[in-house]
Amino acid sequence: MTPIELQRKLQIWCQEDYDGSIGISDIKKDIEFLSRELYNEYDVTKHGGHGDFIFRLARWIGSAETDDDQKSLFVLLRHLIFFGDNELDAAYRTAFSRHVVSWLMNDQKLNVFSTTADADLKSILNRTLLTEITDSFGLRSFLGKNNLHGRPRYTWYAHRKSWQRQQFIDTEIVRNLGENISHIVLFEDFVGSGSQVEPFLKLACNVDRNIKVLFCPMYICPAGAQLALRLQRQYRNFSFSPVLEIPQKCFITKNAIDGEHPDFPTIRKTANVVHPKVVIPGSPQDFGPFGFDGVNQQGATGGFIVTSTNCPDNTIPLIHRRRAGYWEPLFLRTSREALEVTP
């Protein structure tokens, strides 16, 4: 479908929705504004032959075969959550100034009104290792935006195959911070079900039970938050403090639940109908219509979330997956998985 063909279709949909009960006209106005002011921040499609948002939108809508499914995709845009560059910068600043600093001050019972408060905080910061779980968090950028000098950097995911507890202590803790390390912070930009971060949180907690551990994701889904809270009950040296926990009402599930948004039954039907076009059925990368870990459906997060740096795998695949000749994505995701070969 071309942008001109999409505009003609939108005119028909707006006329059919003469009483505004579906809200096609309002969605159209919002999308026209956000495509100019926000969606162009998406890194993956800034360069190359992906085209501006309006071209990707037309191809995406046109990937569905029936008019009902095409309209359902357009209505889905009402639920899209896009975290732009400014929101990520604010999350970086909030993570440090509010979550990390407050956690350290509370743990050490520092008096904020003391004349030595600033020196006391710097002292404890010098014994705190700030780390990232995956490189998608952007630890270098986080340190720069918070004006944190000389901090050692460690990415848990990068060392998962060769991870040795004593080697970690010798090279990352003792060499960088000395033997008086007292706190470790693990950051992540986006957490869905939590299955990816869980082993690294446990590793951190087991380095030394006397070392306090803080897990501070920028954005986290309800399933991931539940996992983190369970670990908080399991490990006395573990604390969980997210910048933003996205509420359950923003996610679509495989089966209908009480109180869900009136749009969701139609969107759920479309997600199931188009899924065989979105992903090669039965392929190793087929997580189901509702996102990562959807094979067993217990951890499927069913998100409509896009960040300016990438599209999370927990977001429903029809938004971010490409299958040549079958499906065009709205926000193409860059993945750690090998490129999919389409027969």
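Whatever comes next refers back to the structure up there.
This section reports on the structure supplied with the text.

Conventions adopted
- Residues numbered from 1 in each chain as written.
- Predicted model: local features only at pLDDT ≥ 70, side-chain atom pairs only at ≥ 80, totals over all residues.
- Heavy atoms only, no water.
- Axes fitted to C-alpha atoms, helices over the stretch in contact; angles between N-to-C directions.
- Helix = DSSP H or I, 4+ residues; strand = E, 2+ residues; numbered from the N terminus.
- Parallel < 35°, antiparallel > 145°, perpendicular 65-115°, else oblique.
- Left-handed = near helix turned anticlockwise from the far one by under 90°.
- Contact = heavy atoms within 4.5 Å.
- Nonpolar A, V, L, I, M, F, W, Y, C, P; charged D, E, K, R; others polar.
- Core = buried A, V, L, I, M, F, W, Y, C linked by side-chain atoms within 4.5 Å.
- Buried < 20%, exposed > 50% of the residue type's maximum accessible area, 1.4 Å probe, protein only.
- Phe/Tyr/Trp six-rings, centres within 6.5 Å; stacked < 30°, edge-to-face > 60°.
- Lys NZ or Arg CZ within 6 Å of the ring centre and 35° of its normal.
- Pairing = 2+ DSSP bridges.
- Right-handed = clockwise from strand over helix to strand, strands pointing away.

### What to know about the packing of helix α1 (residues 3–16) against helix α3 (residues 53–63)
- Between α1 and α3, whose axes approach to 9 Å, the crossing angle comes to 70°. Judged by the inter-axis angle, α1 sits roughly perpendicular to α3. Considering the relative orientation of α1 and α3, their crossing is left-handed. Every residue of α3 that contacts α1 at P3, L6, Q7 and W13 is listed here: I54, F55, L57, A58 and I61.
- For the contact of α1 with α3, the class distribution of residues is eight nonpolar, one polar and no charged.

### A few points about the packing of helix α9 (residues 198–205) against helix α10 (residues 222–234)
- Two numbers describe how α9 lies on α10: the axes approach to 11 Å, and their chain directions differ by 20°. The orientation of α9 with respect to α10, classified from their angle, is roughly parallel. The element α9 and its partner α10 pack so that their crossing is right-handed. Residue-level contacts link E198, L201 and K202 of α9 to L227, R230 and L231 of α10.
- Residues that form the contact of α9 with α10 fall into these classes: three nonpolar, no polar and three charged.

### What about the nonpolar core?
- Core analysis: the biggest nonpolar cluster contains 41 residues, and L57, W60, L318, I319 and F331 have the highest contact counts within it.
- Elements with a contribution of two residues or more to this core: α1, α2 (24–37), α3, α4 (67–76), α11 (264–278) and α12 (317–320).
- When residues no more than four places from it in sequence are discounted, the contact partners of L57 are L6, I31, L77 and L330.
- In terms of nonpolar packing, the next biggest core, distinct from the first, is built from 32 residues, I81, A95, M105 and V185 among them.

### Here we look at unusual backbone geometry
- For K109, which is not glycine, the phi torsion reads 55° and is therefore positive.
- Note that K109 resides in the loop between α5 (85–108) and α6 (117–125).
- Take K109: its relative accessible area is 71%, and that puts it in the exposed class.
- You will see that N147, though not glycine, has its phi angle at about 55°, which is positive.
- With respect to the helices and strands, the residue N147 is situated in the loop between α7 (139–145) and α8 (165–177).

### Description of the side chain of H275
- Within the secondary structure, H275 is located in helix α11.
- H275 sits in the buried class, given a relative accessible area of 10%.
- Every residue in contact with H275, bar those within four places of it in the chain, is listed here: D286, G288, P289 and P317.

### Some remarks on the packing of aromatic side chains
- In total, this model carries 21 aromatic pairs according to the counting rule given.
- Judged by centre distance (6.1 Å) and plane angle (50°), the rings of W13 and F74 are tilted. With W13 in helix α1 and F74 in helix α4, this pair connects stretches of sequence that are 61 residues apart.
- Grouping aromatic residues by their ring pairs yields a cluster made of Y39, Y42, F53, F82 and F331.
- Of note, R323 hangs over the ring of Y326, and the distance from its end group to the ring centre comes to 3.8 Å.

### Some thoughts on α3
- For α3, every residue scored as buried is listed here: F53, R56, L57, A58, W60, I61 and S63.
- At its buried positions, α3 is contacted by α1, α2, α4, α11 and α12.

### Let's talk about the pairing of strand β4 (residues 212–220)
- Buried residues dominate β4, accounting for eight of its nine residues.
- Note: strand β3 (residues 183–191) against β4, eight bridges, orientation parallel. Each bridged residue has a counterpart across the sheet, and for L186 the counterpart in β4 is F215.
- With α9 bridging β3 and its parallel neighbour β4, the resulting β-α-β unit is right-handed.
- Both β4 and strand β5 (residues 238–240) contribute to a ladder of three bridges, which runs parallel. Counterpart to F215 in the pairing with β5 is F240.
- A crossover connection joins β4 to the parallel β5 through α10; in handedness this β-α-β unit is right-handed.
- Looking at chain direction, β4 and strand β6 (residues 244–245) are connected through two bridges and run parallel. Each bridged residue has a counterpart across the sheet, and for I220 the counterpart in β6 is E245.

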